[in-house]
Every structure is written in C-alpha cells, then in structure tokens.
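# Observations on chain architecture
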Amino acid sequence: MMHETRWVFPLAVLVAACGGRDDEWDAEVGTNPRSYGLTGSVAVLDEPLNRALVLTSPEENEVVSRFFSIGRNVAAAQRSPDLERLYVLSRGVEERRKPEDELPSLTVLDGGAEPEIVHRYTLTDPLLELVVDPAGQWLAAFDGGSVVNNPNKLALIDLSDDDRDAWPRTRTLRSFGGTPQSLIFTDELAVPEGPARRFLVASTEQDLALVDLERLDRDEVTVRMPAVGGSDETSFAKPAQVVFDDGDPDVVTDARLAVRLENQSDVVLLELAPPSTGSDADFTTTINIVGVGGVPDFIEFVHTDGGVRLVALIGSQRRAALIDPATTLVQFVAFDAAYTRLTRVTTDVVAEPESSDVALLWSDREAGAAFWSLGSMRGTSFQSVDPIDLPVSISRVIDVPGSRFGHMKILESSNAGQFYVLDLAKRETSPMQTEGSGFSVNVSPDGMRAWAFNANTPSERFASIRFEDDLDPIPLSVSPPVSAVYDIERGDGGRAALVLHGSDRSSSPGTLAVTVLGADAPDSAVTRFYGGLLLGGLR
C-alpha cells in the first residue's frame, strides 16, 4: 500500500520579496472560485487574474496545472452538453479608453486531457448571460450591461461553422415593451413551408420572440401574451416556462409550443400554422388560451396512445390537467401527492412503450414520487400512477450518462440527510445515508459511478458509489475539507478523482488545493496532495 503526500509551492513564492514584482502579485485573491468538471480536466476560474486554472491527470496520482487567459471581467461560464468544452463569456475592459483595451469576448476551452483554447470570439458589446444549445450547435449571449446599452441585442454563434470569423452575428429584437429574460433552443420543428428548422425562443416580460435559426436574415416572429388585469391590454402575462413538440413526424402542420404563465391559471398553446395565401413566410402563428383551473407549477408535452397531450401539473390541487392541443379539451387526473415536476423516462424503462410515454412524477414540496404510464388513454382517466415510497421531497433528478447504467437516476433532496438511487429497470430505490443535509452528488461522465460530498458545510469525508457494485458506497476521507469532487479521464486512459479544497462554497479563499486518487478503485491511503495552485504561473 502506498501513501504519498506532496506539497507543491512555486519557487516564485520564495523570491517574491527580492526586487520588483509584477502587478499580478498585488491582485486580490479571489474568493470562492467557480470550478467546472470536464471530460479530461477540471477548470477553475481565477477571475482576479483573468485566467482559468486547468487541472489534468496524465497518469496515476499525478496532476498537471495549466493557465489559460479567459478575458477580463468574466460574466458567465457554461459547459457543453457533452462536457468536452467550457465556454467563458467576458465583458472586457468596462470603460475602454485606449484601442488596446480588451473588448468583450467568448472563449472556447477544450477540456480534454490536453486542454487548449479552441477559439476566442470577439464581441462588440458586454453581455451578461450565456445560453448553450442542448444539441451542442449554438451559443447565445444576451442582456447588455454597459452604461448605454441595447437590452434587446443578442449575439449568436454557430459552433458547427468552420468559418469562425463569420461569428458572432448580432441582432436586435424588435421591442414592444419587453426585454429578453430567458432563451431556449428548440429541437427541429416541422413548418408548413420549407424544411424543418430550429428556433431560438426569447421570453420577455410580456411576449415571445421566435428567431428562425435557418433564416437569420428574417425578422423574428413576436407573439404577445394574454392581457391581465382587465381588457385594456396595457398589462400582459409574463412567460414562466416554454416547451415544444414536433407532433406527428409525418405531419408538417402540428408543431407546437406551449407557455406557462407566471401566477396565471391559463396556459398558451402556440401552433406553427400554414401562412396566408401570397405570403413569403414559411408559417404563421396561431394561439389558443386554455384555462386549467389553477396555477400550474410545470408543463410538458407527452405522448399517449391517443396522441400528444400537454400536461400541466397543479401541485396546490394535487392534480394534473391534460390538454389535447388539437381540440383544447382538458382532462384532469387526481394524485395522492402535490407533484410539481415531471421527468420523462420512457427510453430508460424495461419494455419501452411503442407510442406513449412513461413519466417520473416528483415534488419539491412534499415527500414522494411516482411512475405515471401515459399509454392508457382511450376511455380512461390516466389512473396508472404507481407511487414510490420516499420519506423526502426531491430537489433535483440527475441522469446517469451512457447506455450501461442509463436506467439509473439520482434523486437529490436539499433538506434531508440522504439521497436515493432509482433503478428504473427494477423500479427500486436505494437510500444513501449522509452525515447531514446539503450533500451534493456528481455523476462521472463515463456513467460508472457517483461521488457524494458536502460543499455547504465542508467535511473531510466523502464517498464513491459504483453502479456495478450493488451501489455499495466506498467511504473516503482526505484533508483539508472537501469542496468539490470531479471524475475525469486520465492521459493514460484510466480515470482520476480530483478532490478540490478551498473552492466554490469553501470558507478558505485563496488556498486552492487538490487531492488526486484513482477513480475506479479509490483508496484514502493512496492519494497525492497539491497545494498553492492559484499561486502557480506568476513570474
């Protein structure tokens, strides 16, 4: 058995007192640096020095650190859906007075075992929010924050275009009194004229703007939300959630979006209908407003044996409304619990239905969950709800990637001392007891294990849960306290667990360190410690 601890401090620390030094040494030490686990590395944003510290593990119990410039004044950072890349949005120099003052930018960092900056896109305006396309093709930035700004301006980047100099492309949404509050990318939706295409949907305080990603040269389509507080149309409902469905793949006139409204008992159905005769548009929009008898907490399109339905979960009434988008007829289903969220698990269950969905119902308000089979529609009331006995409410459902254990889900609870592993194949839950509430769970990108740790009240104890070993947790302990655990691919093809100390919500700013150990068979006695990481790279 090997036990090895190594403290690493750059030579620059010892000689800093001799002679002059760079301004970097006087930079404020960043508190609570943000960290991001990627496929082959961990990136930590060292914002005071406008850089990212990227940690890799070339071989067993080895860590190599590199620094990459990410631009001044980081506004946002997001990972790609496949965890291969990190996108960092920076605002640049806030008040440019010289041509050499840095412009706003979007940096693309490859997070593999050999990390590198793939590209840096220069922006014309400082933006605050970054949205990543779930399909991995697009990025969108919005919400200007300069002294004089255009809040309706968007910056779009097509990551699939090899001509990177052609991006970003900016456009300003036509303003009818609202500004973008959130953005989503749709899947490919069929339209009555022309090929199917994807949309960027911008929600404002009172309307939706549909940007056609196939035809960026065209104006967006703006859809006003219903008036509230009277009929004078001076106040409009605010969109709270937008969902979409392509309908029957053989029908080009049934693609729809639906909108849940803030504090309203109505939902909005938006259909991409045929354009008027003589129009050069590919579609027009028609809306229907459907009352569901209570303020819904969540909406989602689902497939039943009788066709597509929009589900609106109304937790306060312990029921759901199922809306037929073709007829707007509403059917209600009563539940035994106040379910407020729905996760489709159709492709993960045994004997996947051919034409209908299976959903996992859960709640962030009260204990319990349930399976809901949506196949039995004709002449029934959708009563095929099978409760799952859980003593906790659920704050998050975490997917396990890959095909081997894709039937597993992690059920997190923010106010309990345990979390649960749900096996969809067996329809069984396994409790994982922790030392207190607030535990976080990270699932490895290869889908073979999960790591549990408490970053809210840092502890030296954490655990590994291997999905192929009957979910038997491996207790582990390191020093100092753990603030995050990331599972990455090593340069030699193995896997490493990087345990961060002094990052994220830790109370020890400026003391970032890492302990590395094997991920496949972790052992607290076989580790190596690297300290003073944020001091590296100074000359």
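Every value quoted in this text rests on a predicted model; they were computed, and no experiment measured them.

### Observations regarding the pairing of strand β31 (residues 418-423)
In terms of burial, β31 is a largely internal element, 6 of the 6 residues being buried. Residues Gln418, Tyr420 and Leu422 point to one face of β31 and Phe419, Val421 and Asp423 to the other, with burial holding for every one of them. One ladder, built from 4 bridges, connects strand β30 (residues 408-412) with β31; its direction is antiparallel. Directly across from Leu411, in β31, lies its bridge partner Tyr420. Hairpin connection of β30 to β31: 5 residues between the antiparallel strands. Bridging between β31 and strand β32 (residues 428-433) involves 6 bridges; their strand directions are antiparallel. Paired with Phe419 across the bridge in β32 is Met432. Hairpin remark: β31 followed by β32, antiparallel, with 4 residues in the connecting loop; positive phi at Arg427, about 55°.

### Remarks on the layout of surface pockets
The gaps left among the atoms become clear once a water-sized probe is rolled over them. Approximately 1700 Å³ is the volume found for the largest pocket. Along its surface, the largest pocket is lined by 49 residues, and Pro81, Arg396, Val397, Ile398 and Asp399 are the ones closest to its centre. Mapped by element, the contributors of at least two residues to the lining of the largest pocket are β1 (35-37), β17 (239-245), β21 (298-304), β25 (341-344), β29 (396-399), β33 (439-443), β34 (449-454) and β37 (484-489). Residues of the lining of the largest pocket, tallied by class, amount to 24 nonpolar, 9 polar and 16 charged.

### Examining the pattern of salt bridges
A full pass over the atoms with the stated rule returns 29 salt bridges. Across the salt bridge formed by Glu220 and Arg174, the nearest N and O atoms sit 3.3 Å from each other. Of the two residues, Glu220 sits in the loop between β15 (207-212) and β16 (221-224) while Arg174 sits in the loop between β12 (169-172) and β13 (182-185), which places them 46 residues apart along the sequence. With relative accessibility at 3%, the residue Glu220 sits in the buried group.

### Considering the sheet that holds strand β4 (residues 64-69)
In space, the 4 strands of this open sheet follow the order β1-β2-β3-β4, with antiparallel pairing throughout. The sheet is open, and its two borders are formed by β1 and β4, each paired with just one other strand. Taken over all neighbouring pairs, the strand axes of this sheet differ in orientation by 20° on average, direction set aside.

### A short note on the sheet that holds strand β36 (residues 473-477)
Pairing is antiparallel across the open sheet formed by 4 strands, whose spatial order is β33-β34-β35-β36. What marks the edges here is a single partner per strand, and that holds for β33 and β36. Between one strand axis and the next, the sheet turns by 25° as a mean value, whatever way the strands run. Examined bridge by bridge, β34 and strand β35 (residues 461-466) share 4 bridges and lie antiparallel to one another. Considered in β35, the bridge of Ala452 is made with Ala463.

### Overview of empty space enclosed by the protein
Taken as a whole and judged by the stated rule, the model has 4 cavities of 30 Å³ or more. Reported here for the largest cavity is a volume of approximately 50 Å³. Lining the largest cavity, in full, are Asn152, Leu173, Arg174, Ser175, Phe176, Gly178, Pro180, Thr204, Asp207 and Ala209. Split by residue class, the lining of the largest cavity holds 4 nonpolar, 4 polar and 2 charged.

### What to know about unusual backbone geometry
The omega torsion of the bond from Trp167 to Pro168 falls at 5°, within 30 degrees of zero and hence cis. Residue position: Pro168 is located in the loop between β11 (153-158) and β12. For the peptide bond that leads from Ser479 to Pro480, omega is 5°, which places it in the cis range. Note that Pro480 resides in the loop between β36 and β37. The phi dihedral of Arg318 falls on the positive side, at around 55°, and the residue is not glycine. The residue Arg318 is located in the loop between β22 (307-314) and β23 (319-323) in this model. You can call Arg318 partly exposed: its relative accessible area is 36%. The backbone of Thr328 shows a phi angle near 65°, a positive value even though the residue is not glycine.

### Some words on the pairing of strand β39 (residues 513-518)
Regular strands have side chains that alternate between both faces of the sheet. Along β39, 6 of the 6 residues are buried, which leaves the element largely enclosed by surrounding structure. Here 6 bridges tie strand β38 (residues 495-501) to β39, and the two strands are oriented antiparallel to one another. Paired with Ala497 across the two strands is Leu517, which belongs to β39.

### Structural notes on the packing of aromatic side chains
Scanning all chains against the criterion turns up 6 aromatic pairs. Summarising the aromatic geometry, the rings of Phe405 and Phe467 are spaced 5.9 Å apart at their centres and angled 45° between planes, so their arrangement reads as tilted. Note that Phe405 is positioned in the loop between β29 and β30 and Phe467 in the loop between β35 and β36, a separation of 62 residues in sequence. In terms of burial, Phe405 and Phe467 fall into one category: buried.

### What about the confidence of the model for the protein?
Do not read the fine detail of predicted coordinates wherever pLDDT is low. Averaged over every residue, the pLDDT of the protein is 87; residues scoring 70 or more account for 88%. Low pLDDT, under 50, characterises residues 1-21; the predicted model gives this stretch 31 contacts beyond four residues in sequence or across chains. Across residues 504-509 the pLDDT falls below 50, and counting only partners more than four positions away or on other chains, this stretch makes 18 contacts in the model.

### Structural notes on the side chain of Thr346
Secondary-structure assignment places Thr346 in the loop between β25 and β26 (358-362). Given the relative accessible area of 8%, Thr346 is considered buried. A polar contact is formed between the side chain of Thr346 and the backbone nitrogen of Val358, at a distance of 3.0 Å. Setting aside residues up to four positions removed in sequence, Thr346 forms contacts with Glu352, Pro353, Ser356, Asp357 and Val358.

How each quantity is defined
Residues numbered from 1 in each chain as written. Predicted model: local features only at pLDDT ≥ 70, side-chain atom pairs only at ≥ 80, totals over all residues. Heavy atoms only, no water. Buried < 20%, exposed > 50% of the residue type's maximum accessible area, 1.4 Å probe, protein only. Helix = DSSP H or I, 4+ residues; strand = E, 2+ residues; numbered from the N terminus. Pairing = 2+ DSSP bridges. 1 Å grid on protein atoms, 1.4 Å probe; cavity = no way out; pocket = protein on both sides within 12 Å on 5 of 7 lines; lining within 4 Å. Points joined across faces, edges and corners; volume = space filled by probe spheres on them. Nonpolar A, V, L, I, M, F, W, Y, C, P; charged D, E, K, R; others polar. Salt bridge = Lys/Arg side-chain N within 4 Å of Asp/Glu carboxyl O. Axes fitted to C-alpha atoms, helices over the stretch in contact; angles between N-to-C directions. Phe/Tyr/Trp six-rings, centres within 6.5 Å; stacked < 30°, edge-to-face > 60°. pLDDT = per-residue confidence, 0-100. Contact = heavy atoms within 4.5 Å. Polar contact = N/O pair within 3.5 Å; in protein donor to acceptor, adjacent residues only side chain to side chain.

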